[in-house]
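# Results of the structural survey
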Amino acid sequence: MGRLIALATDYYPRLSTFQTALRCACPRCGQGALYDGLLSVRDKCDKCGLDYTRLDSNDGAAFFIIVGYSAVLIPLALWLELALTPPIWVHVVLWVPVVLGGSVLLQRPLKAWLMAQQYRHKAYDGSALN
Ligand SMILES: [Zn+2]
């Protein structure tokens, strides 16, 4: 009987990786916080105890942001230059905050999404996560 109760309390439904990433929440329980600060990942979930140290996306999020975000911003900057030909300070005032701010804002959910995908597809080395 005790084993059945333990199994029932250890059950975690399959959560949307997109939703847990937007909330920067634990990919297993969806309740615990993933970050301890701006981009520092906690060691484990404070609700279910999932070990986050094995879910490491490394620079994956930064790579996708560099490639994807620049694919959007470079054409916009070129269009602005060709259509309006503003002075260079307009580019500096406009694009520096957009590039820096957008990169930081995208980093948290994208990193959380990559970690959630790692958890879902068990893309980690060593033994299985519990
Ligand atoms: Zn959790």
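From a predicted model like this one, the values you see are computed outputs, not experimental measurements.

## What about the side chain of His91?
In this fold, His91 is placed in helix α4 (residues 88–120). Its relative accessible area of 13% is what places His91 among the buried residues. A distance of 2.7 Å separates polar atoms of two side chains, one belonging to His91 and the other to Glu81. Dropping the residues within four chain positions of it, His91 is found in contact with Ala77, Leu80, Glu81, Pro86 and Val96.

## As for the packing of aromatic side chains
Aromatic ring pairs are described here by two measures, namely the spacing of the ring centres and the angle between the planes. Applying the stated criterion across every chain yields a total of one aromatic pair. Note on Phe63 and Phe64: the rings are 5.4 Å apart at their centroids and 65° apart in plane angle, and the pair reads as edge-to-face.

## Observations regarding unusual backbone geometry
Excluding glycine, most residues fall at negative phi; most peptide bonds, likewise, are trans. The phi angle at Asn58 is positive, at roughly 50°, despite the residue not being glycine. Within the secondary structure, Asn58 is located in the loop between α2 (17–22) and α3 (60–84). According to the relative accessible area criterion, Asn58 is exposed, its value standing at 54%. One non-glycine residue, Lys122, adopts positive backbone phi at about 50°.

## With respect to α3
With 25 residues, α3 should cover 36 Å at 1.5 Å per step; its first-to-last C-alpha distance of 36 Å lies within 8% of that length. At Ser70, α3 is bent by approximately 35°, the largest bend along its length. When α3 is considered as a whole, its buried residues turn out to be Gly60, Ala61, Ile65, Tyr69, Leu73 and Leu80.

## What about the environment of Val99?
Secondary-structure assignment places Val99 in helix α4. Each C-alpha atom of the pair Val99 and Leu73 lies 8.0 Å from the other, and the pair is 26 residues apart in sequence.

## Looking at the coordination of the zinc ion
In the first shell of the zinc ion, the protein supplies Cys26 (SG), Cys29 (SG), Cys45 (SG) and Cys48 (SG), at 2.2 to 2.3 Å from the metal. Bound by four donor atoms, the zinc ion shows angles of 108 to 114° at the metal and therefore tetrahedral coordination geometry. In terms of primary sequence, the donors binding the zinc ion are separated according to C-x2-C-x15-C-x2-C. With Cys26 in the loop between α2 and α3 and Cys45 in the loop between α2 and α3, the pair connects residues that are 19 residues apart, well separated along the chain. Here Cys26 matches Cys45 in class, with each residue buried.

## Thoughts on α4
Across its 33 residues, α4 extends 46 Å between first and last C-alpha, which sits within 8% of the 48 Å expected from 1.5 Å per residue. At Gln107, α4 is deflected by roughly 30°, the largest bend along its length, and proline Pro109 occurs up to four residues later in sequence. Taken together, the buried positions of α4 are His91, Trp95, Gly102, Gln107, Lys111, Ala112, Leu114, Met115, Ala116, Gln117 and Gln118. For α4, the elements touching its buried residues are α2 and α3. With its phi angle positive at about 50°, Lys122 sits one or two positions after the end of α4.

Calculation criteria
- Residues numbered from 1 in each chain as written.
- Predicted model: local features only at pLDDT ≥ 70, side-chain atom pairs only at ≥ 80, totals over all residues.
- Heavy atoms only, no water.
- Helix = DSSP H or I, 4+ residues; strand = E, 2+ residues; numbered from the N terminus.
- Buried < 20%, exposed > 50% of the residue type's maximum accessible area, 1.4 Å probe, protein only.
- Polar contact = N/O pair within 3.5 Å; in protein donor to acceptor, adjacent residues only side chain to side chain.
- Contact = heavy atoms within 4.5 Å.
- Phe/Tyr/Trp six-rings, centres within 6.5 Å; stacked < 30°, edge-to-face > 60°.
- Expected span 1.5 Å × (residues − 1).
- Bend = angle between axes of the 7 residues up to and from the residue.
- Donors = N, O, S within 2.8 Å, 3.2 Å for Na, K, Ca; no water.
- Tetrahedral: all angles 85-135°; square planar, octahedral: opposite > 155°, others 65-115°.

Treat this as a map of the structure, not an account of what it does.
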